[in-house]
Amino acid sequence: MVAVKKAAFRFSGWLTTDIRIEDGLIHCRLTPLASGETEEGGQLEHAFRTAVLDEELRADIGTQTDQLRNAILALAFAPVTGKTGQ
Amino acid sequence: MAGFQPLERYTAPLTQGYQLLPVRFHRLKDSRIFVSNLVGEWEILSAQDFSSYVRLQLPHESAAYENLRAKHFLIDADSSVAYDLLALKLRTRLSHLRNILGLAIFVVTLRCEHSCPYCQVSRQSEDRRAFDMSRETALKALDLLFASPARTIKIEFQGGEPLLNFDLIKEIVAQAGSRAAASGKTVEFVIATNLALLDDEVLAFCKANGVLLSTSLDGPADLHDRNRPRPGGNSHALATAGIRRAQDVLGHDRVAALMTTTKASLARAPDIIAEYRRLGLQEIFLRPLSPYGFAIKTRQYRTYETDEWMSFYREGLRTVIDINKRGERFVELYAATVLRKMLTPWPGTYVDLMNPAGIGTQVIVFNYNADVYASDEARMLAEMGDHTFRLGNVHKDSLEAMLTNDTLLDAVERSLLESAPQCADCAFQPYCGADPVFHHATQGDVVGHKPSSAFCHRQMAIFEELVTIMDADPEAASIFRSWAGGA
């Protein structure tokens, strides 16, 4: 659901997304903000689906790397001793 | 005794595989994937290589693997220094935070003899001296400025037309120079002027004090005069005469020009660049119109959409690249600013593209009326009646009180890209900036709604354009690297 919401946010400049859960499935109704051809709407749907998958991938990458990121940040902001060789 | 490992050590297959290091990704229009890391190093991968990479199945012997390991996108048994190198580069990238208030803008007058409809500062007509900064205000502002820890300070004189209060400029330069000498600081000066009032006295002063002149040049005469009307209709003639005169006295590297794009400019990118070259200028900053001041009142701001401006920018950038390919160095400054962040570990120098936001941290504005603002755009917003980013008054408030202003701290903290929706996951985050004043002005919120933000839309398009050019055109990539080193 988080991935769906994040994807919906990314597309909120072009469409509104109505999200509901029914029978364990997430249903999304996409409404373009500007009127357009059906083909353009199909492209938006494809892009939205890709965006949901990308958000899931980002979450997965985050799971793998967040601790490493925090360690690197801690190292970057650690006090510098000023001593040679340290 | 230390020595090299046997050759087999480097060619043997990995037995332990690799781990991902922090990475963000963005799908390019051609279905390839742009990836970037914490410090802005980047690669473009095929969809297949990207899929293999994130599933920890990228072949060890592949070129993609070697590039990703070298740029710290993955870590294996042979690359244990990645953590330290990433941390070091991150410190380098944020090193500008130790030189707070490195840029101070003194608005010495709001008077101006031009009538530019896109004027961002809501200038006042020439005879209204009530809009001049007083000597007392200037001295007090210098007291505050030199109390900051910044070791290097650039003082920029703006207006209106600052040369209408030239006597005060002379005094500020003298006072600042004395204080800098006494405190061991370095101070530089810039006058942002339309050059219409340039004379021998001003030039002699600039030469003696190392003052750089920055002016507006919107393009050929017909375009410039249309954009920048003044009595006599001779803004272009005065500006170009002033540029040549200043170049002769001060040197070509001491005179810079900026252009502002209006609807009339959009089809004229090559003409505008040609005019810059005709005048011996070696740089151009292809700027969009900003949403402040008279630009709003005269409805200039919404006269073109971001996509129209991007078409203009792309044409201009390609024109500049072709000039460089013919052997002449000519730099597009906005691209150079971004490329510095894309191709070097060094921090950016452009306030609008800083993260954390540069308002009130890297820049401070002392207005003619003694009010202090967090940025030049904040000052312009105030002239429109919105004083949200006013930090205080030089005669009433301490520097500490102004820099710990709740509104300022809130804007800087909330607009931090690492925590802003969509920005937090954006692969272009290392090159972008938080522009809380722009988002406050256009969307009513310092964080902004990035999916509908003109700033975000423009930045993403520029980032994509630059990486696409570098990937497809090795000669252009080499040109870009020369710009990045000099930005």
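Provided above is the structure to which this section pertains.
What counts, and at which threshold
Residues numbered from 1 in each chain as written. Chains lettered and ligands numbered in written order. Predicted model: local features only at pLDDT ≥ 70, side-chain atom pairs only at ≥ 80, totals over all residues. Heavy atoms only, no water. Helix = DSSP H or I, 4+ residues; strand = E, 2+ residues; numbered from the N terminus. Buried < 20%, exposed > 50% of the residue type's maximum accessible area, 1.4 Å probe, protein only. Contact = heavy atoms within 4.5 Å. Areas by Shrake-Rupley, 256 points an atom, 1.4 Å probe, with all protein chains shown as cover. Pairing = 2+ DSSP bridges. Axes fitted to C-alpha atoms, helices over the stretch in contact; angles between N-to-C directions. Patch = residues over 30% accessible without salt bridge, like charges linked within 9 Å, V, L, I, M, F, W, Y side chains within 5 Å. Salt bridge = Lys/Arg side-chain N within 4 Å of Asp/Glu carboxyl O. Right-handed = clockwise from strand over helix to strand, strands pointing away. Phe/Tyr/Trp six-rings, centres within 6.5 Å; stacked < 30°, edge-to-face > 60°. Buried area = accessible area lost by both parts, 1.4 Å probe. Polar contact = N/O pair within 3.5 Å; in protein donor to acceptor, adjacent residues only side chain to side chain. Nonpolar A, V, L, I, M, F, W, Y, C, P; charged D, E, K, R; others polar.

J.: Give a description of the overall build of chain A that names residues and reports values.
T.: The secondary structure content of chain A amounts to two helices and two strands. Along the chain direction, N to C, the helices and strands of chain A fall in the order α-β-β-α. Counting over 86 residues, chain A shows a buried share of 26%. In chain A, once contacts between residues fewer than 6 apart in sequence are set aside, the share between residues at least 24 apart is 37%. Put simply, chain A shows about 6,100 Å² of open surface, and 54% of that area lies on carbon and sulfur atoms.

J.: Could you give an account of the sheet that holds strand 8 (residues 186–192) of chain B, naming the residues involved and the relevant values?
T.: Residue and element names in this part refer to chain B. If you trace the nine strands from one edge of the open sheet to the other, you get 12-10-9-8-7-6-14-15-16, paired in mixed fashion. Each edge of the open sheet is held by one strand with a lone partner, namely strand 12 (286–287) and strand 16 (390–393). Note: strand 10 (residues 255–260) against strand 12, two bridges, orientation parallel. Following the sheet pairing, Thr260 is matched in strand 12 by Arg287. Running at roughly 170° to strand 6 (residues 103–107), helix 5 (residues 135–146) makes contact with strand 6, strand 7 (152–158) and strand 14 (363–366) of the sheet.

J.: Got a sec to walk through the sheet that holds strand 3 (residues 33–36) of chain B? Specific residues and values, please.
T.: Residues and elements named next belong to chain B. Taken together, the three strands give an open sheet; going across it, the order is 2-3-4, and neighbouring strands pair in antiparallel fashion. Looking at strand neighbours, the two that pair on one side only are strand 2 (24–27) and strand 4 (42–45), the edges of this open sheet. With strand direction ignored, the average angle separating the axes of adjacent strands in the sheet is 20°. The sheet contact formed by strand 3 and strand 4 spans four bridges and is antiparallel. Among the inter-strand pairings, Ser36 is bridged to a residue of strand 4, identified as Trp42. Across the sheet, helix 2 (residues 47–54) lies against strand 2, strand 3 and strand 4, angled at about 115° from strand 4, the strand it touches most.

J.: Any chance you could break down a nonpolar patch on the surface for me, citing the residues and the numbers?
T.: Residues and elements named next belong to chain A. On the surface, Met1, Ile21 and Ile26 cluster together into a nonpolar patch covering about 270 Å² of accessible area. As for its placement among the helices and strands, Met1 is situated in the segment before helix 1 (2–10). Judged by its relative accessible area of 37%, Met1 is partly exposed.

J.: Any chance you could break down the pattern of salt bridges for me, citing the residues and the numbers?
T.: With the rule as written, the count across this model stands at 32 salt bridges over all chains. The shortest N-O distance in the salt bridge between B:Asp473 and B:Lys325 comes to 2.5 Å. Note that B:Asp473 is positioned in the loop between helix 18 (454–472) and helix 19 (474–486) and B:Lys325 in helix 12 (residues 306–325), a separation of 148 residues in sequence. The partly exposed category is assigned to B:Lys325, whose relative accessible area is 32%. Among the charged side chains, a salt-bridge network with shared partners connects A:Arg10, A:Glu55 and A:Arg58.

J.: Give me the pairing of strand 9 (residues 212–216) of chain B: which residues, what numbers.
T.: Residue and element names in this part refer to chain B. In terms of burial, strand 9 is a largely internal element, four of the five residues being buried. Judged from the three bridges that link them, strand 8 and strand 9 form a sheet pairing that is parallel. Paired with Ile191 across the strands is Leu213, a residue of strand 9. Regarding topology, helix 7 (residues 200–209) serves as the crossover connection from strand 8 to the parallel strand 9, and that connection is right-handed. Where strand 9 and strand 10 come together, four bridges link them in parallel fashion. Directly across from Ser214, in strand 10, lies its bridge partner Ala256.

J.: Please give an account of the packing of aromatic side chains that cites residues and values.
T.: Residue and element names in this part refer to chain B. If you walk through the whole model with that rule in mind, you get 20 aromatic pairs over all chains. Residues Phe25 and Phe50 carry aromatic rings whose centres are separated by 5.0 Å and whose planes lie at 50° to one another, so their mutual orientation is tilted. Of the two residues, Phe25 is situated in strand 2 and Phe50 in helix 2; the sequence distance between them amounts to 25 residues. Note on Phe50: relative accessible area 4%, which makes it buried. Plain terms: the ring middles of Phe285 and Tyr350 are 5.6 Å apart, the flat faces sit at 65° to each other, and that makes the pair edge-to-face. Of this pair, Phe285 sits in the loop between strand 11 (283–284) and strand 12 while Tyr350 is found in the loop between helix 13 (333–343) and strand 14, placing the two residues 65 residues apart along the sequence.

J.: Give me the interface of chain A and chain B: which residues, what numbers.
T.: The interface is formed by 23 residues belonging to chain A together with 24 residues belonging to chain B. At the boundary of chain A with chain B, total buried surface from both sides reaches about 2,200 Å², with 70% on carbon and sulfur atoms. Three residues, A:Phe9, A:Leu68 and A:Ile72, lead the burial of chain A against chain B; their summed loss comes to 26% of the area buried on that side. At the surface where chain A touches chain B, the tally comes to two salt bridges. Of the charged contacts, one joins A:Asp54 and B:Arg27 as a salt bridge, the two residues approaching to 2.8 Å between their closest N and O atoms. Scanning the region where chain A abuts chain B turns up six residue pairs in polar contact (both at pLDDT 80 or more). Those elements giving two or more residues to the side of chain A that touches chain B turn out to be helix 1 and helix 2 (38–76) of chain A. The dominant element in the side of chain A that touches chain B, judged by the number of residues it contributes, is helix 2 of chain A, at 14 residues. For the side of chain A that touches chain B, the class distribution of residues is 12 nonpolar, five polar and six charged.

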